[in-house]
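Single-letter residue listing:
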Amino acid sequence: MGEEKPSVRAAAKKLESSEETPESPNAPESARSWFRRPDRAGLLIAGAVLAACGGLVLYGVLDGGDDDKRSAHPQTPTAPVTYEVTGTGTADLTFQARSESGKATVVRGAHLPWRTSVDVPVGHDPVISIVLGEDGGTARCALAIRGRHVQSATASGSFGRATCSGALPSAGGETRG
């Protein structure tokens, strides 16, 4: 029993030699073509994925400017403020508006009565100043923050002056951005 029979050894050798790999010339045509040629459907899918990724990257590069602007200038919370000047004639008006730098808005020779509503950044107290012309007269300023009357003052006479101001509630209150 120590020796294998010749028929078993010959059968094993025949089995080893008949194993087919895709590279072997005895392999069927479908196995050889699959191994040598890339799958066209796979190439099409890979190309579509690469095109989509490239498009997204290009879109991000071209459209990225808006995000930079937003992050460079974060929105400051604001509060609605109404300025009103009553009287007759004209007056020069100076008031605080949306300018986050704190610069005032100037209206020269405003025809009275005059009224405007603006958003003022929290941290910049709203203020309006009236300067009457050489002809004088009488004008009254009024200031309302979030619809609530805060202050009023009257200017009269030649080059008369009046100022109305108020303090904005903290950002914890109702603000708009």
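Report on the accompanying structure. If you're wondering where the values come from, they're calculated on a predicted model, not measured in any experiment.

## Things to note about the sheet that holds strand β7 (residues 148–156)
- On the basis of which strands lie adjacent, the open sheet formed by four strands has the order β4-β1-β6-β7 and antiparallel pairing. Every interior strand has two partners, whereas the edge strands, β4 (114–121) and β7, have only one. Mean inter-strand twist for the sheet, computed between neighbouring axes without regard to direction, equals 20°.

## Describing the nonpolar core
- Ranked by internal contacts, the top residues of the largest apolar core, which has 25 residues, are Tyr83, Val85, Trp114, Ile128 and Ile130.
- Those elements that place two or more of their residues in this core are β1 (78–87), β2 (90–96), β4, β5 (127–132), β6 (138–145), β7 and β8 (161–165).
- Every residue in contact with Tyr83, bar those within four places of it in the chain, is listed here: Phe95, Gln96, Trp114, Arg115, Thr116, Val118, Val120, Pro126, Val127, Ile128, Ala142 and Leu143.

## A few points about the pairing of β8
- The alternating pattern of β8 places Ala162 and Cys164 on a buried face, while none of Arg161, Thr163 and Ser165, on the opposite face, is buried.
- As paired strands, β5 and β8 are joined by five bridges and run antiparallel to one another. Note that in β8 the partner of Ile130 across the bridge is Ala162.

## Looking at the state of the cysteines
- This model, assessed by the stated rule, comprises one disulfide.
- Here Cys141 connects covalently by a disulfide to Cys164, the sulfurs 2.0 Å from one another. Measuring handedness by torsion sign, the sulfur bridge of Cys141 and Cys164 sits at about 85° and is right-handed. Placement of Cys141 in strand β6 and of Cys164 in strand β8 is noted, with a sequence separation of 23 residues between them. For the residue pair Cys141 and Cys164, the accessibility class agrees, reading buried in each case.

## Overview of the sheet that holds β8
- If you walk across this open sheet you meet the four strands as β3-β2-β5-β8, and the pairing is antiparallel. Edge positions in the open sheet fall to β3 (104–111) and β8, since each of these has one partner strand only. Sheet twist, expressed as the mean angle between neighbouring strand axes with direction ignored, is 15°.

## What about the packing of aromatic side chains?
- Taken as a whole, this structure holds two aromatic pairs when the rule is applied.
- On the numbers, 5.2 Å between centres and 50° between planes, the contact of Tyr83 with Phe95 is tilted. With Tyr83 in strand β1 and Phe95 in strand β2, the pair connects residues that are 12 residues apart, well separated along the chain. Phe95 carries the same exposure label as Tyr83, and that label is buried.
- For the pair Phe95 and Trp114, a centre-to-centre distance of 5.4 Å together with 50° between the ring planes defines the contact as tilted. Here Phe95, found in strand β2, pairs with Trp114, found in strand β4; they are 19 residues apart in sequence, far enough to count as distant.
- Classification of Phe95 as buried rests on a relative accessible area of 6%.
- Taking the relative accessible area as the measure of exposure, Trp114 reaches 14% and is therefore buried.

Parameters and conventions
- Residues numbered from 1 in each chain as written.
- Predicted model: local features only at pLDDT ≥ 70, side-chain atom pairs only at ≥ 80, totals over all residues.
- Heavy atoms only, no water.
- Pairing = 2+ DSSP bridges.
- Helix = DSSP H or I, 4+ residues; strand = E, 2+ residues; numbered from the N terminus.
- Axes fitted to C-alpha atoms, helices over the stretch in contact; angles between N-to-C directions.
- Core = buried A, V, L, I, M, F, W, Y, C linked by side-chain atoms within 4.5 Å.
- Buried < 20%, exposed > 50% of the residue type's maximum accessible area, 1.4 Å probe, protein only.
- Contact = heavy atoms within 4.5 Å.
- Disulfide = S-S within 2.5 Å.
- Phe/Tyr/Trp six-rings, centres within 6.5 Å; stacked < 30°, edge-to-face > 60°.

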